[in-house]
Structure formats: structure tokens, C-alpha cells
Amino acid sequence: MRLAVVGSGPAAFYCIQRLIKKAKFPIHIDMFERHPLPFGLACMSKFIEIGKSLKNFYGNVLIGDLRKPLSHQTHIPLKRLCERYNSILLASGATGANKLHIHGSEHIVTSVDFVALYNTEPNDKNNVELIQKISKIKHVTIIGNDIARMLLKPKSELENTDINKGFLENLSNSINTVLIIGRKSIYDVQFTAKEIREITNINDVQIKLNKREIYPEPSVLSKSKKRVVDLLLSSASDASNIKKKTLEFKFMRVPKCVHKMNEHLTMSVGKYRNQNDILVPSGEHEHIETDLIISSIGYAQENIDTLIENSKITHPTGKLLTNDSHCMLYSAGWAKRGPSGVLASTMMDANITADAILEDMDKQLDHESKHDMLPINNYVNWESAIRIHRKEIENGAKYSRSEILSLANTINI
Ligand SMILES: Cc1cc2nc3c(=O)[nH]c(=O)nc-3n(C[C@H](O)[C@H](O)[C@H](O)COP(=O)(O)OP(=O)(O)OC[C@H]3O[C@@H](n4cnc5c(N)ncnc54)[C@H](O)[C@@H]3O)c2cc1C
């Protein structure tokens, strides 16, 4: 049986691990990953070991006809894989970002794109422009969760990481105010106490929040949440700025629209108030002047191919019902469940998907012979990917990811 695996994150490796442990027949497994390096959002050393059982690893290969390939990527529609494999496992995660549907949302950068920027993930050209723009940005507004630490840490703390060096150079002297806007109240913050401590320990950053807006603590509040709230309140002051940089929190505000004038943005937000522990619109609005707005409101599933556009995922097996009876489609991980859950839940559902694949194999549904893969010219193979991955770990502080990846040119791209 020939199995194509789309994506190389934890779901893919957990599923393969189960398949090779339990299969009664040899399985030819090829893995396709859009990035040059494997492992998705999380890498564990045992994945490197599992990877040895792959027949082929095709890094730098984008699967799906609904995605626009980057200039250096090889691109294969799912239909082509269906012609050559008995089964396909979609383990492509949830690579999109939730977006705000408000007037002017085109001026908002998603955190998925922003993180890709400082991680030097291959992305589209606009990001180069954004990196250049960073040096002029003084005021950043973040809607939702936190990427503030990255923006406020001094250069000296970040230069020992594998952060994109162009990004760091431009970042270092510019941003002096970061504002975090939350739809809910301080009692709903998603930070951990450790994260708050990390923020408060950044040198020369003043934490600001308007304590007059904080309503009394609700009767039901978990101990850990109470610790986070206390920490935030004790580290915050609404005095005028005495430090070089400011991190300000504004809770109970919902973005309404964004306007752009020259290079400056104005975001209008609706304010909410507490009414018997329920947040209701207060009727008040506020205008926030800023240079950059980043929305960080979660990942979203994105369909990768028209072939699966109208198909349904059957739960819990992860099987996809399509019109193509010659190729079985399965899903695992965030591609199956959506962007929620940690590695443990990803492993559990990858195991269920693997069992469904094995069951179909046993029913002889999958043994039809298929042709070999068409030659793919522009890809990173497993040995090179792991060599680069190890280099990155050894030299992360010395080189940026882009420099490490450029090693790929000398290997086999
Ligand atoms: C910020 C963050 C922090 C987290 N921290 C933790 C933590 O501390 N502990 C924990 O247990 N869990 C954590 N998680 C959750 C964990 O990362 C997920 O459970 C896990 O990564 C899901 O695995 P996956 O394989 O489904 O998706 P992913 O890890 O996203 O892997 C999907 C892979 O598919 C590739 N891909 C996507 N589209 C295509 C395509 N069209 N063609 C080819 N390849 C494609 C992607 O590049 C990626 O490599 C965190 C998640 C996030 C977002």
C-alpha cells in the first residue's frame, strides 16, 4: 500500500508511528511538507527516529490547488497524489488565522503572518515590506492574545535566539508602546503567571492599566486565574510614564473599524461594561491611534484543495467522504479537529485515524497497485532536512533561520 502524508507535524508522526507498529503489510509512506524543514508547530526527538521509516520526504512541496505556491515551492494538486497513492493522510494542521470582519480589516496583520516574519518562515513578499516598516513603528496595538514580549524585549535578549536578524535590527530602536486590547475582562485573561512575570521582568517596561475600569472580583474565580489577575494588578500603574517603553492593557473593548491615513491607523473600539457578571455594550466608543495593528485571535482551518471542498470528515475516524473511490482520504490532528488541543490530544486522535487506515487495509480496500510518483525536482530530502535541523539547533544563536536554510542550496534544493 502506498500512503501519502500531507504535512509533517506531530499528527503525521504519531499516525505513522502507529501504522508501522501495527500494520500487517509493508507500507510505502511518502511525506510532503510545504516548508523545507519538517515538524510543524512542535518537534520531538522521537519524530526524527520515526522519520527514518519514510520512503521519501519531500520538503518544500506544497500540496493542494487552493494554495498559491511561493516562488521556490514545488506545487502538487491533491488529484495528482490520488492518482499515485492508495491513501492520503491530511495532517496539514490549521495554518490560517481567524480574522476580524470589520471595516478596514485589510490594514490588520494577523499574528500568524507576524510570527512567520520573525521566525523567517517562507512567506509572501508583503512581509519584506513589513520588516522594513517595523523600524518606523512606535505604537503597536494587539487584539487578543500576547506577542507583546517579543516586541518589548531588548535587542540584547533576542540576539541570542534564531530570530530573523533583519526583523531584529529594525525592531530594536523603534517600538515604545504596545497596547493589548481584550474583548473580555481582566478576569478572563489567557496569560499564565509565568508569562506575566516574564513581561514584568523586562527591563524598562512600564505596565499600564486603568484600575478604575476594573470591576470587583467575581465570586467564582479559580486560584490560578486569581494569581494572574493579582500579579497583573500589582505590576501595573496608571501613573504617567516613567520608563522607556509601555505595555498597556485595555479590557472590555471590541474593535469596530479601522481607518488608514497616510501611514497611521485609527481603530475605533466599542467599550463594554459589567452588568451582573455579564458584559454589555456601554454605548461609549474610543479611538486608538496606532502604527500597526496585529490580530491574535487564534488559528483557523483552511481547505487546501477543491477535491475535498465538499467532503465531510467522519468522526472520530477522520475519514473523508469524497467521490474518488480509488483513493481513501483521512485526516488527523488540527486538520481533523480544528485548532485546539495539545500534543496529547493530537496523539490520541492520530492513533484513531491510524486504526481506521489499518482497518481499511485489512479489508483489502487499499491494495490496488498505483504508479510511482512523478519525478519531483525541487525538494529537500529527509537526510538534508535533518542535517539542517540539527545545524539550526547547534547554531540557532549564531545564524538566523534564513541563513541556515540557505545551506539547503548547497545541499540539494
Ligand atoms: C503557539 C502554540 C503553542 C503551543 N504550545 C504547545 C505546548 O506547549 N504543548 C503542547 O502539548 N501543545 C502545544 N501546542 C499545540 C500543538 O502545537 C498542536 O497540538 C500540534 O502542533 C498539532 O499538530 P498537527 O500536526 O495537527 O499540526 P501542525 O503542527 O500545524 O503541522 C502541520 C504541518 O503541515 C504542513 N502543511 C500545512 N499545509 C500544507 C500543505 N498544503 N502542503 C504541505 N504541507 C502543509 C505545515 O507546514 C506543518 O508542518 C501549541 C500550539 C500553538 C499554536
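Labelled according to an unreviewed UniProt entry, the protein appears under the name NAD(P)-binding domain-containing protein, originating from Rozella allomycis.

The sheet contact formed by strand β13 (residues 253–261) and strand β14 (residues 264–275) spans 8 bridges and is antiparallel. The residue of β14 that forms the bridge with valine 258 is methionine 267. Counting the residues in the hairpin turn of β13 and β14 gives 2 residues, including asparagine 262, whose phi is positive at 50°. Pairing geometry for β14 and strand β15 (residues 278–290), over 10 bridges, is antiparallel. When the bridges of β15 are listed, asparagine 274 appears paired with leucine 279. Where β14 hands over to β15, the hairpin turn is made up of 2 residues, of which asparagine 276 adopts a positive phi near 50°.

A word on the sheet that holds β14. Strand order in the open sheet made by the 3 strands is β13-β14-β15, with antiparallel pairing throughout. Among the strands making up the open sheet, the edge pair consists of β13 and β15. Strand-to-strand, the axes of this sheet are offset by a mean angle of 15°, without reference to chain direction.

Below, the discussion takes up the site of the ligand. Taken together, 31 residues sit near the ligand, with Gly7, Gly9, Gly40, Gly93 and Gly333 positioned nearest. Elements represented by at least two residues in the shell around the ligand include exactly α1 (10–22), β2 (28–33), β4 (61–63), α11 (334–337) and α12 (343–362). Ranked by residues supplied to the shell around the ligand, first place goes to α1 with 3 residues. Class assignment for the residues of the shell around the ligand results in 16 nonpolar, 12 polar and 3 charged.

Another point: the environment of lysine 46. With respect to the secondary-structure elements, lysine 46 resides in helix α2 (residues 45–51). Residue lysine 46 is classed as exposed on the basis of its 11 C-beta neighbours within 10 Å. Separated by 33 residues in the primary sequence, lysine 46 and phenylalanine 13 place their C-alpha atoms 9.0 Å from one another.

Turning our attention to the pairing of strand β11 (residues 205–209). With respect to burial, β11 is a largely interior element, 4 of its 5 residues being buried. Strand direction decides the pairing type here: β11 and strand β12 (residues 245–250), joined by 5 bridges, are parallel. Following the sheet pairing, valine 205 is matched in β12 by lysine 245.

Where helix α9 (residues 193–200) meets helix α10 (residues 223–235), the closest approach of the two axes is 9 Å, and the angle between their N-to-C directions is 15°. With respect to α10, the element α9 is oriented roughly parallel. The handedness of the crossing between α9 and α10 is left-handed. Contacts between α9 and α10 involve Ala193, Ile196 and Thr200 from the former and Arg227, Val228, Leu231, Leu232 and Ser235 from the latter.

For proline 216, the location among the structural elements is in the loop between β11 and α10. What makes proline 216 exposed here is the crowd of 7 C-beta atoms within 10 Å. Residues proline 216 and tyrosine 187 lie 29 residues apart in sequence; the distance between their C-alpha atoms is 9.8 Å.

What follows concerns the confidence of the model for the protein. In low-pLDDT segments, the atomic positions of the prediction should not be examined closely. Taken over all residues, the pLDDT of the protein has a mean of 86, while the share at 70 or more is 89%. In the model of the protein, helix α14 (residues 401–411) stands out as the element of lowest mean pLDDT, 55, in contrast to α1, which has the highest, 97.

The rules we used
- Residues numbered from 1 in each chain as written.
- Predicted model: local features only at pLDDT ≥ 70, side-chain atom pairs only at ≥ 80, totals over all residues.
- Pairing = 2+ DSSP bridges.
- Helix = DSSP H or I, 4+ residues; strand = E, 2+ residues; numbered from the N terminus.
- Axes fitted to C-alpha atoms, helices over the stretch in contact; angles between N-to-C directions.
- Near = placed C-beta within 6 Å.
- Nonpolar A, V, L, I, M, F, W, Y, C, P; charged D, E, K, R; others polar.
- Buried ≥ 20, exposed ≤ 12 C-beta atoms within 10 Å, placed from the backbone.
- Parallel < 35°, antiparallel > 145°, perpendicular 65-115°, else oblique.
- Left-handed = near helix turned anticlockwise from the far one by under 90°.
- Contact = placed C-beta atoms within 7 Å.
- pLDDT = per-residue confidence, 0-100.

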